[in-house]
Each structure stands twice: as structure tokens, then as C-alpha cells.
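This is what each chain is made of:
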Amino acid sequence: MPETLNILFLAAEAYPFVKIGGLADVAGALPLALRSLSLRQTGGYHLDVRLVLPLHRMIQTDVVTMKPLINFKIPTDVGYKEVQAYEAILNGMPTYFIDGLPISRSDSVYSTNPEQDREKYTFFSLAAFELMRVLNWKVNIIHANDWHTALCLYALRNCSDDPFYSTTAGLITVHNLPYMGGDSGDLLNMYGLKELVDNDMPVWARKQALPLGLWAADWIVPVSETYAREILTPEYGCGLQEFLRNRTNNITGVINGLDINLWDPASDEDLFSNYDLETFEAREKNKISLIKKIELDFNPQVPLIGMVSRIDYQKGIDLTIQALRTLNDICWQFVILGTGDAVIEAELRQLQAEYPDRVRVILRYDSEMSHLIYAGSDIFLMPSRYEPCGLSQMIAMRYGSVPLVHATGGLKDTVHEGKTGFVFDKSDPEAQAKAMRRAFKAFAAPIKWRSFQRSGMKKDFSWTRSAGKYAIIYRSIAFKYTSGGEQ
Ligand code: ADP
Ligand code: GLC
């Protein structure tokens, strides 16, 4: 019998239950990919990875059958907080859902009120921590993701003398360093977590969830190799670069994969017409139907630029708006799907008003429309100021839309100028417009263009290799706190 490593994987969102952005893609796919690794890939261990999520009010409870699991309490300085835990089985994986007042009274995954989110995710992280004990499930590794779940690792380090957790190690995946959670000092006091005293950590960071999780983690995994290097610099390190530089021996960048069954143009039920490398000609029907759906005029000579994105400063959409205005001498069409920042949304509406025959702005979350844009656009734009990994450019390549990206983070690691896409170095409208001109020129040469599309579609974006890298990291930390070291 192979030995088992027990791993609790915590996230704020996971497909198919609830999705806002790429974190949901990762938390929906990576735990399952880890569970299905071969013993050769895990070094002989079976990985019993289980996912735990907050029971957000918008969660899709009809996706699987959810059963009440256990009710318990977590202590605070003025009594207890009630927790209700539920369980569902997703493709064979036990998935736990945590409910309680701080979760049920919030109506979105991420609120515009940071205090409400701090309360919700602190409660979630500590309830998930306690869940292992009430289930008497001894965990080898707690795998946290971003600030929302980071305090679970801090709680672990706060009770190192508790025999139940004394051999548990912690890993944190960093999907987005700038979001640290804000000042949680009151909550740390309320839940009886000790203040951090460590001169390695800047004073301003010592009450914020993400820095505390980074401090507590035995291993830190940024979501691409380039991002792992970038966060060590003042430009991307958000003030934690010195702290992170002291930890470089315990940091490994691991690029995200894709759920290639979910994202497959050959079987995608949302598409007007399915296709793969052999039946590539059928792709064109998707462009024609998309253009019709969004009420533009179809002309095979005019490139359709697509974007599917959270509307956020991070994503560089404001730079695209400026870049497009400098390209009036060329014919192009542009469609963007997204929601988020109200100011950028208004600027996009303004762009559509200026270019009613060329621009379509769809300001909502719409899974089906996202698939249509991946399959129907010619060029897929990701001009992000920073991008820890980015999944959309990989989805776009898998669907034969050629990415045009800023050379940062995971975009730099996955898109190659002149082979699979177009890459610009400087995050400004001029550099972006120049790259667009290169892309338009290539688009005008169909044989060349087809080779870009085919190279992207041939790439292997599956999770297997990256899940294997996580398995190696799990193994390297799993026995850190057991007396004999690795078994
Ligand atoms: P991030 O996580 O920073 O938002 P990623 O590129 O990693 O960026 O992942 C974005 C994911 O969210 C992709 O699966 C993309 O298709 C999806 N997405 C973003 N905005 C929308 C939207 N408005 N409607 C549907 N899907 C969206
Ligand atoms: C974050 C990042 C994005 C990454 C995603 C999943 O939202 O912005 O780059 O792909 O997490 O890791």
C-alpha cells in the first residue's frame, strides 16, 4: 500500500462552484490534478487532497449534492463563533464548505467593503483550521492560496505546541501579491492570535493576512517562474521584497495549467462550431457568428481583437484604450467582456461611443460569451501591467486566438514573440500600438497567421507537469516536523 499525504487546499473561489477570476480555475483543477498523479510522479505517495471553500451565498449548490457534515465553534475573546460545515464529493474529491455569520451575511465573493472581507476570510481561515481537528483528519500539509486563506497558516504556527498539528507543514501559493488583506489587528486579537515579532517582516505588514501567511509558510509558490523573480524586486515586491529575498531558498515559481477538458475547442458546447488542429477550417464559423451576435460587420480581412478580463488597473485596459485611438489608419474590430472598476468601465463605454462600427463593450460576467470570444477572436489582448500567471492567454492559444501581451509574469513565460504571439516590453500605449501593428501585418499574411495559430494550439497547457512540481514540493516539506525527517 502506498503511503498517503493528507492535504487541505483552501481557496476563496473554485470552479464549478463559484468563479470570479483565474483563482477559481486553479482551485477547481489543481486539487483534482494532484489527486490523479501517478505514484511515479508523486514519489510513491497517494495525495489525498481535499478542497475547502466558504459557502458564499452565490455558490452553485446544484452542481453537486451537498450534505451537512458537522457543526462546531471557534473561540474568540468574547465567547464563540458558530460554524456549520457541509460536504460534497466533486469527481471523487471530498469538498468542504464552511458557513457561519461572517460568510452568510456577505452577498459577494469579494466585497467592496474591505472590513467585511477581512472578517469573512479570517473567520473562514480559522474555521477551516479547526475543521481538521473536529474531523480528526490529520493533515500533512495545509495549502493556502492568497491573503483570503493565509491566516490558516499563521494559526498553524501559533499553535506549534498543539500535538494535533505538531507535524503539519504549510505552503502558500501567491496569485496576486498586492492584495494583502489590510490591517487585521483587531481580528487577530479577537481570535487570540499572537502578534508577529520578527524584524525580517516590515512593521506595517505584521497585521496583514498575506504577509503573516508568507511568514508562516514552509514554502512559497508564486504562479510563474518570472513572477517568482519579479516579486524580489522593488517594482513588483510591494514592500515585501527584502523579506522575500531572505526566503529565496523556499520559493519556487510554478506556472498554472489549464483544465484541458473544460477548455477544449473540439468539445466545447458553447461554441457555434467545434474544431481542432485537423478541422481548423471550422473555426471561422465561430468568428462569423460572434461578429453577428455582437452586431458588427463581418469582413475576413479585418482582425477581431478580443479581451476577457476583470476590469482592473492591473489589466492595463486604459493603455489599450489609448493605443486603439492611435490606430485609426488601419481597420480593426475590438470586443471586450468584463466587469469591475467603474471608471475604466465608463472609459470603455466612451470608446464604444467613439467607434460604434468597431468596438463592442460587454460589461458583465458571462461564461458562454467568454468561450465565444476565445474561439471567435483573431488576436487576444492581455496588456496587463503585471500578471502573476494569467490563464486567459493560455485558453486563447488553445482556441487558436493569437495572444498579444505585455512581457510580464506568466505572460512572458507562456507567449513567444514571432512564434506563438506578440510581446511588448514597455507597459505603455505606444509599445502596445506598435505590437498591434506587427500583429495586423502578420494577420494580413494568412499562411504566416495560420502558423501562429497552430503553434499556440499545439502547446501543452495541461496541469500534469505543474501538479508534479507541487507534488515534489509537498514531499520536501511534509516531514519537516516529524522527528525522522522524510520517510
Ligand atoms: P485573473 O485571475 O487575474 O482575473 P486570469 O487570466 O488568470 O486572470 O483568469 C481569468 C479567468 O476569468 C479566465 O478563465 C477568464 O475566462 C475568466 N473571466 C474573466 N472575466 C470574465 C467575464 N467577465 N466573464 C466570464 N469569464 C471571465
Ligand atoms: C490571479 C492573477 C492571475 C493568475 C490567477 C490564477 O488572479 O491575477 O495572473 O493567473 O490569479 O493564479
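Residues numbered from 1 in each chain as written. Chains lettered and ligands numbered in written order. Predicted model: local features only at pLDDT ≥ 70, side-chain atom pairs only at ≥ 80, totals over all residues. Heavy atoms only, no water.

A. Broad picture of the packing of helix α1 (residues 22-35) against helix α18 (residues 464-478). Packing of α1 against α18 leaves a shortest axis separation of 9 Å and a crossing angle of 70°. Put simply, α1 runs roughly perpendicular to α18. Helix-helix and strand crossings are classified by hand; for α1 and α18 the assignment is right-handed. On α18, the residues that touch L30, A33 and L34 of α1 are A467, Y470, A471 and Y474. When its residues are assigned to classes, the contact of α1 with α18 shows seven nonpolar, no polar and no charged. (Axes fitted to C-alpha atoms, helices over the stretch in contact; angles between N-to-C directions. Helix = DSSP H or I, 4+ residues; strand = E, 2+ residues; numbered from the N terminus. Parallel < 35°, antiparallel > 145°, perpendicular 65-115°, else oblique. Left-handed = near helix turned anticlockwise from the far one by under 90°. Contact = heavy atoms within 4.5 Å. Nonpolar A, V, L, I, M, F, W, Y, C, P; charged D, E, K, R; others polar.)

B. Representation of the packing of aromatic side chains in the model. Taken as a whole and assessed by the stated rule, the structure comprises 18 aromatic pairs. Where Y45 meets F479, the ring centres are 5.8 Å apart and the plane angle is 40°; that geometry is what we call tilted. Within this pair, whereas Y45 is found in strand β2 (residues 45-54), its partner F479 is found in the segment after α18, the two being separated by 434 residues in sequence. The burial state of Y45 is the same as that of F479; both residues are buried. (Phe/Tyr/Trp six-rings, centres within 6.5 Å; stacked < 30°, edge-to-face > 60°. Buried < 20%, exposed > 50% of the residue type's maximum accessible area, 1.4 Å probe, protein only.)

C. Representation of the environment of V83. Relative to the helices and strands, V83 resides in strand β4 (residues 79-90). When its relative accessible area of 0% is taken as the criterion, V83 is described as buried. When the C-alpha atoms of V83 and M397 are compared, they prove to be 43 Å apart, with 314 residues separating the residues in sequence. With residues near it in sequence (within four places) discarded, V83 still touches I70, N71, F72, I74, I98, D99, F123 and A127.

D. Fine view of the environment of K315. Here K315 lies in the loop between β9 (304-308) and α11 (317-325). Take K315: its relative accessible area is 11%, and that puts it in the buried class. Taking the C-alpha atoms as reference points, K315 and E387, separated by 72 residues in sequence, lie 7.8 Å from one another. Not counting the four nearest positions on each side in its chain, K315 is found in contact with M307, S309, R310, P383, S384, R385 and E387.

E. Geometry of the pattern of salt bridges. Scanning all chains against the criterion turns up 20 salt bridges. A salt bridge links D48 to R35, with the nearest nitrogen and oxygen atoms 3.1 Å apart. Of the two residues, D48 sits in strand β2 while R35 sits in helix α1, which places them 13 residues apart along the sequence. Overall, the relative accessible area of 22% leaves R35 in the partly exposed class. A salt bridge links D318 to R385; its shortest N-O distance comes to 2.7 Å. (Salt bridge = Lys/Arg side-chain N within 4 Å of Asp/Glu carboxyl O.)

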